[in-house]
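Analysis of the macromolecular model
Below are the chains, spelled out letter by letter.
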Amino acid sequence: MPVDNPNISQELPVIRQLDDAAINRIAAGEVVERPASAVKELVENAIDAGATRIEIAYADGGKTLIRITDDGCGITEEQLPLALSRHATSKIDGSDLLDIHTFGFRGEALPSLGAVGRLTITSRVGRAPAASISVEGSVMGPVKPAALSGGTIVELRDLFYATPARLKFMRTDRAEAQAITDVVKRLAMAEPFIGFTLRDVTGGGEGRVTFRAEGETGDLFDALHGRLAKIIGKEFAENALRIDAERDGLRLIGYAALPTYSRGSSVAQYLFVNGRPVKDKLLVGALRGAYFDFLSRDRHPAAALFIDCDPHLVDVNVHPAKSEVRFRDPGLARGLIVSSLRHALAEAGHRASTTVAGATLGAFRPEPMGALGATPQAPSGAARVYQMDRPSLGARVAAYQGQAPMPMGQAPEPGFADLTESYSARVEPVVETTPEVEALPLGAARAQVHENYIVAQTETGMVIVDQHAAHERLVYEKLKRQMAENGVAAQALLIPEIVELSEGDCARVLAVAEELSKLGLTIEAFGGDAVAVRETPALLGEVNARAMVLDILDELDDAGESMLVQAKLEAILSRVACHGSIRSGRRMRAEEMNALLREMEATPHSGQCNHGRPTYVELKLADIERLFGRT
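The sections below set out a description of the structure shown in this document. (Residues numbered from 1 in each chain as written. Predicted model: local features only at pLDDT ≥ 70, side-chain atom pairs only at ≥ 80, totals over all residues. Heavy atoms only, no water.)

1. Points about the overall build of the chain
A tally of helices and strands in the chain yields 20 helices and 24 strands. Scored against the burial criterion, the 631 residues of the chain give a buried share of 43%. Once local pairs closer than 6 in sequence are excluded, the contacts in the chain between residues at least 24 apart make up 67%. Surface exposure of the chain reaches about 33,600 Å², of which carbon and sulfur atoms provide 54%. (Helix = DSSP H or I, 4+ residues; strand = E, 2+ residues; numbered from the N terminus. Buried < 20%, exposed > 50% of the residue type's maximum accessible area, 1.4 Å probe, protein only. Contact = heavy atoms within 4.5 Å. Areas by Shrake-Rupley, 256 points an atom, 1.4 Å probe, with all protein chains shown as cover.)

And the structure:
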């Protein structure tokens, strides 16, 4: 702090009581960061009111208008002024601040919005007359009669007009509209039985619908699956695994995508606690940890996971926007996510994403006509039309010569059988009974292409297997099982390496010393501000113990736990598996190819290699026929 410009003046400071308008504007700064924050608060109120249909309308990215219409229980005429008072709420009685079963509970949203914008609430309860109340800059108007069939309409105009400085920090209308859409979609995921409509009314009139999701029917999982297909996409729904697990009062439900359906960023990760959308570092780290053995570091899993528990087991009042939570037992929540997802991925076996086949089919394109092949009917660059063209004169002459009888005494010309050595493809005779083998998921091997790809026939199509990537995964899984059964061999250091740390860092690393020792890294206390590294994993060879301990501490700070040692060990196993697997370029016999297919069917996670890439592609017969115009 500069001495000549202190934050506090040299005069004795005077403590002042702020007026209600200033208090509300300060509260609004914490709760309402941007138009999307206002939409979140108002839609959550509509959900708490028991609405079955909610319509959200906005103009100019929510800066000039936000209107929420619902068919919920409504607010009585007498309670409308109280609804705009700070810390007035119908959702808790104040006796137990942890027993929270609703989205809202502080009673701050409506008065905060009324402090920074022009807020009007119109509501009707049952057969009682409808009423309306307005507030501008914390100045409340009288309650007036209104016309409304039922439910509540909350209209917020000119957001931040009372605090113009906040408008300078707003982004473009398109960016703010996208943020509103994201908020509405997240809330729609959490409430699949409620219908949502999002409308952009910029310029007046009815505007245009930018998002619509009708209320789903059926049981919870069917409704959730339908809602996720609508919001995240049908491809996610087709390649997602159902998650349903419970442990010590915490229940986890939702859908998680296969590793081969991964994304380039974490945009497709949706986490909820008691129906509340959250962006919690603990839960994100748990999701990442569940997939870390199946995805490379630049790929991210896609999932929509919902944790439900007794409100006393989680504190939702640790963040002004309630976007973070704190579990009473964080390890329990993390362990539930990791174990449930890994169990579901193991049960999926060799299954790979259907998007792999879609990308393969998308790579097939009609062969474009070059300039030499251009005709008046098909100009240069036009796609070739697949039809039975009349053969040219040269083609007919060549065909006649090839089929003419050979003159007496002349050696025969080389035929197809004599040219097989020149091509990198072989057809193997069928060894096993075809119907039984083709009924298996990966079918029966029929050929090997380029000494690297196995072509197999199934009942419904064909499968192309990358023999090196598939066998690499099989060997890797076998090595991991052996390491889990036999433990990790440790090498004792002749002279223990002393690593000096702060007292807090020592306590953190010693708290996980037992888990690290199972991985071959033995760490003991060495005085108040240091630890001694006595053993390191033998598999890693020579190790910089100090750098490893500091990296472990960085992971503990960032994610709450460290996977560093295990990741290094499994990286070694992955390299061993790569060198010990069937190499590209090796010719395989039919029985070897079929044995590889059978082992893939029996091994979990064999649908993707150690880096998350697919080990096989399945093409359905209907798709193949469509390529050739047979359908």
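Read on, since the account is not over.
2. Digging into the packing of helix α6 (residues 173-190) against helix α7 (residues 220-231)
Running from N to C, α6 and α7 point in directions that differ by 165 degrees, and their axes come no closer than 9 Å. Relative to α7, the element α6 is oriented roughly antiparallel. Considering the relative orientation of α6 and α7, their crossing is left-handed. In contact with Lys185, Ala188 and Met189 of α6, α7 contributes Leu224, Arg227, Leu228 and Ile231. Of the residues contributing to the contact of α6 with α7, the split by class is five nonpolar, no polar and two charged. (Axes fitted to C-alpha atoms, helices over the stretch in contact; angles between N-to-C directions. Parallel < 35°, antiparallel > 145°, perpendicular 65-115°, else oblique. Left-handed = near helix turned anticlockwise from the far one by under 90°. Nonpolar A, V, L, I, M, F, W, Y, C, P; charged D, E, K, R; others polar.)

3. Considerations on the side chain of Thr458
Examined against the element boundaries, Thr458 turns out to sit in the loop between β19 (453-457) and β20 (461-466). Not counting chain neighbours up to four residues away, the residues in contact with Thr458 comprise Glu438, Pro441, Leu442, Gly443, Val463 and Glu618.

4. Section: α7
Its twelve residues place the ends of α7 16 Å apart at the C-alpha level, agreeing with the 16 Å of an ideal helix rising 1.5 Å per residue. Along α7, the positions that sit buried rather than exposed are Phe221, Ala223, Leu224, Arg227, Leu228, Ala229 and Ile231. Following α7 by one or two positions, Gly233 adopts a phi angle in the positive range, close to 130 degrees. (Expected span 1.5 Å × (residues − 1).)

5. Looking at unusual backbone geometry
At Phe160, a residue that is not glycine, the phi angle is positive and equals roughly 70 degrees. The exposure class of Phe160 is buried, given its relative accessible area of 1%.

6. Some thoughts on the packing of aromatic side chains
Evaluation of the coordinates by the stated rule reveals three aromatic pairs. Between the aromatic rings of Phe221 and Tyr255, the centroid separation amounts to 6.2 Å while the plane-to-plane angle is 80 degrees, which identifies the pairing as edge-to-face. Placement of the pair is Phe221 in helix α7 and Tyr255 in strand β11 (residues 250-257), with a sequence separation of 34 residues. The pair formed by Phe221 and Tyr255 is uniform in burial state, with each residue classed as buried. Over the ring of Tyr161 we find Arg118; its NZ or CZ atom is 3.8 Å from the centre of that ring. One cation-aromatic arrangement involves Arg242 over Phe221; the distance from NZ or CZ to the ring centre is 3.7 Å. (Phe/Tyr/Trp six-rings, centres within 6.5 Å; stacked < 30°, edge-to-face > 60°. Lys NZ or Arg CZ within 6 Å of the ring centre and 35° of its normal.)

7. Some remarks on the environment of Ile253
Position of Ile253 among the secondary structure elements: in strand β11. It is 9.8 Å that separates the C-alpha atoms of Ile253 and Leu224, two residues lying 29 residues apart in sequence. Leaving out residues up to four positions away in the same chain, Ile253 has contacts with Leu220, Phe221, Ile243, Asp244, Ala304, Leu305, Phe306 and Asp308.

8. Details of the pattern of salt bridges
According to the stated counting rule, one finds 22 salt bridges in the structure shown. Arg118 is the partner of Asp158 in a salt bridge, and the nearest nitrogen-oxygen pair spans 2.7 Å. In this pair, Asp158 is assigned in the loop between β7 (151-157) and α5 (164-167) and Arg118 in strand β3 (residues 118-124), connecting sequence segments 40 residues apart. Of the charged contacts in the structure, one is a salt bridge between Lys480 and Glu477, with a shortest N-O distance of 3.6 Å. In this pair, Lys480 and Glu477 both sit in helix α14 (residues 467-486), three residues apart, roughly one turn of the helix. (Salt bridge = Lys/Arg side-chain N within 4 Å of Asp/Glu carboxyl O.)

9. Let's talk about the sheet that holds strand β13 (residues 276-278)
Working definition: the strands of a sheet are paired by backbone hydrogen bonds and lie parallel or antiparallel to each other. Spatial ordering of the open sheet is given by β10-β11-β14-β12-β13, a layout of five strands whose pairing is mixed. For this open sheet the edge positions go to β10 (240-247) and β13, each flanked by a neighbour on one side alone. Ignoring strand direction, the axes of neighbouring strands in this sheet form an average angle of 20 degrees. Pairing between strand β12 (residues 269-273) and β13: three bridges, direction antiparallel. By the bridge assignment for β13, Val273 is matched with Arg276. Strands β12, β13 and β14 (303-308) of the sheet are contacted by α6, whose axis makes an angle of about 55 degrees with β12. Where helix α9 (residues 281-291) meets the sheet, its contacts fall on β11, β12, β13 and β14, and the angle it forms with β12 comes to roughly 130 degrees. (Pairing = 2+ DSSP bridges.)

10. Observations concerning the environment of Asp244
With respect to the helices, strands and loops of the structure, Asp244 is situated in strand β10. The exposure class of Asp244 is partly exposed, given its relative accessible area of 41%. Through-space distance from the C-alpha of Asp244 to that of Tyr255 is 8.8 Å; in sequence the pair is eleven residues apart. Setting aside residues no more than four positions away along its own chain, Asp244 makes contact with Phe221, Arg251, Leu252 and Ile253. Of the polar contacts made by the side chain of Asp244, one reaches the side chain of Arg251; its length is 3.2 Å. (Polar contact = N/O pair within 3.5 Å; in protein donor to acceptor, adjacent residues only side chain to side chain.)

11. Focus: the sheet that holds strand β21 (residues 490-500)
In space, the three strands of this open sheet follow the order β21-β23-β22, with antiparallel pairing throughout. One side of each edge strand has no neighbouring strand; the edge strands of this open sheet are β21 and β22 (522-525). Between one strand axis and the next, the sheet turns by 20 degrees as a mean value, whatever way the strands run. Pairing of β21 with strand β23 (residues 530-537) involves seven bridges; the strand directions are antiparallel. For Glu500, the partnering residue across the bridge sits in β23 and is Ala530.

12. Focus on the nonpolar core
The biggest cluster of nonpolar side chains holds 62 residues, and the ones touching the most others in it are Val43, Ile54, Ile56, Leu119, Phe196 and Phe236. Sorting elements by how many residues they give to this core places α6 first, with nine residues. Not counting residues within four places of it along the chain, the set of residues in contact with Ile56 comprises Val39, Val43, Arg67, Ile68, Val184, Phe196, Thr197, Leu198 and Arg199. Formed by 36 residues, the second largest nonpolar core is a distinct cluster that contains Ile243, Leu283, Leu287 and Ile307. (Core = buried A, V, L, I, M, F, W, Y, C linked by side-chain atoms within 4.5 Å.)

13. Looking at the pairing of strand β8 (residues 195-200)
β8 sits mainly inside the fold: six of its six residues count as buried. Residue alternation in β8 divides its side chains into two sets, Gly195, Thr197 and Arg199 and Phe196, Leu198 and Asp200, and both sets are buried. Of the strand pairs in this sheet, strand β1 (residues 53-59) and β8 are connected by six bridges, and their pairing is parallel. Paired with Ile56 across the strands is Leu198, a residue of β8. Sheet topology note: the β8/strand β9 (residues 208-213) ladder contains five bridges and is antiparallel. When the sheet's bridge partners are listed, Thr197 is paired in β9 with Arg212.

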